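Residue-level listing of the chains:
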Amino acid sequence: MDRTAQARRAADAVVRRSYGKLVAFLAAAMHDVAAAEDALSEAFAAALADWPRNGCPANPEAWLLTVARRKGIDRFRQHRNGEAAALQLRILAEIEESAVTEGDDAAIPDRRLALLFACAHPAIDTGIRAPLMLQAVLGLDAKAIAAAFLASPEAMGKRLGRAKQKIRQAGIPFVVPTRDELAGRLDGVLEAVYAAFAEGWSDPGGTDAIRRDLTAEALFLARLVVELLPQEPEALGLLACMLHAEARRAARRTAAGDYVPLAEQDVARWDAAMIDEAEALLLRASRLGRIGRYQLEAALQSAHVERCRSGRTDWAPEVQLYDALLALCDSPVVALNRALAIAELKGSEAALEIMDALAADGRLVDYQPYWAARAALLARTHAYRDARHAFDVAIGLAGDPAVRRFLQDRQAALPR
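Residues numbered from 1 in each chain as written. Predicted model: local features only at pLDDT ≥ 70, side-chain atom pairs only at ≥ 80, totals over all residues. Heavy atoms only, no water.

1. A few points about the pattern of salt bridges
For the structure shown, the criterion picks out 19 salt bridges. A salt bridge links E277 to R223; the shortest N-O distance between them is 2.7 Å. Residue E277 is found in helix α12 (residues 272–286), and its partner R223 is found in helix α10 (residues 209–228); the two are separated by 54 residues along the sequence. For E277, a relative accessible area of 30% gives the class partly exposed. Between R293 and E297 there is a salt bridge whose closest N-O contact spans 3.3 Å. On the criterion of helical spacing, the pair formed by R293 and E297 is a turn pair, its members being four residues apart in helix α13 (residues 293–310). We classify R293 as partly exposed; its relative accessible area is 26%. (Salt bridge = Lys/Arg side-chain N within 4 Å of Asp/Glu carboxyl O. Helix = DSSP H or I, 4+ residues; strand = E, 2+ residues; numbered from the N terminus. Buried < 20%, exposed > 50% of the residue type's maximum accessible area, 1.4 Å probe, protein only.)

Below, the structure written as structure tokens:
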């Protein structure tokens, strides 16, 4: 591998690992998320130009931060004036270089949690808070965020730009809010962490480095929130839900890399210690007496685990949990999953009636799991022609090659 390729790999690795930490640190000084992102992008470009000639520095994270800080100072001098800009320039200039050049990444303060709560400030529209956190703290692009929230990339990009402008104009502070302010911002933070985890979860084989890092990052952030708010049941519930899902990662693929649905997974390959931790967290949450979305999602995960381990065939507990969850959040994805549980409890025809009603929701038009589930249910009712069409749509929407092969095999097995 030539030096340019080595430099790119090194820079990519640092940015993947430290993007949120560096953006959060810079944004706290600049009071401007977009400017921090731009400064880090310029530092990344500088690394690609410098490292092939001079080699990767001993502390690449500190090198990127130092360059980004200088780029930020240059940007403020060129584009801003006045007392507020002068103050921010002084803050940027006074960042102690000794704190970022001693070869210790831990010397750079981790401000990610503060940035998460800044993005959840009441001045930011509720609907854009979680997407903003995904971009600012975790580095996801507008296309990936739009897919996670069933929106168009163009609309999402515009909304993200307006939200960052609002942070700058309103002078929103990059600090963890006081205890009495936390509750009002917690929902947005938890939603962003969960969406990040779900994005990483879409790569069960761990072959995509960015998505693999997202899963670990989301778990880290969830633990931070639990540490900050140990008596908040929804924070406990979210971490429990994520741990339950992560515990099954090894069982989601065969040794050959083929997709394995939940009902067919080898429970011996599940991480028992992770499941035990999730159960303990869920028990702690239940004792606090305030039920919420993430506790219900964790309870559903727990019910799936118990059913698969015990061989239980009664789906009534899952349907009851989905009913409660749907009453809390009017989500088409929750409604879809409830329909699948109904199929096991009352039959495929009952589930298809629900799915026919869901078809009117435009957010599911390009949602691959909807079409895969519809195809499977139609096949059960011997509506093979319609099932083939639904499989065609699901296969076309499947981004994961293993899932695509799985769907193709199921389609090929349909009677002619």
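2. Regarding unusual backbone geometry
Backbone geometry places H382, a non-glycine residue, at a positive phi of 70 degrees. In this fold, H382 is placed in the loop between α17 (368–380) and α18 (384–397).

3. Here's the deal with the side chain of R307
With respect to the element layout, R307 can be found in helix α13. Classification of R307 as buried rests on a relative accessible area of 8%. Look past the residues within four positions of R307 in its chain and what remains in contact with it is R312, D314, W315 and E318. (Contact = heavy atoms within 4.5 Å.)

4. Considerations on the side chain of E246
As for its position among the elements, E246 is in helix α11 (residues 233–246). According to the relative accessible area criterion, E246 is buried, its value standing at 16%. Here E246 is in contact with F197, W201, T215, L219 and M274, once residues within four sequence places are set aside.

5. Looking at α18
Its 14 residues give α18 an end-to-end C-alpha distance of 20 Å, which sits within 8% of 20 Å, the value for a rise of 1.5 Å per residue. Among the residues of α18, A387, R388, A390, F391, A394 and I395 are the ones counted as buried. The buried residues of α18 occupy an angular sector of 165 degrees when the element is viewed end-on, so they sit on one face. Seen from the buried face of α18, the exposed residues on the opposite side, beyond 90 degrees, are R385 and G396. Along its buried surface, α18 packs onto α17 and α19 (401–412). (Expected span 1.5 Å × (residues − 1). Arc of directions from axis to C-beta.)

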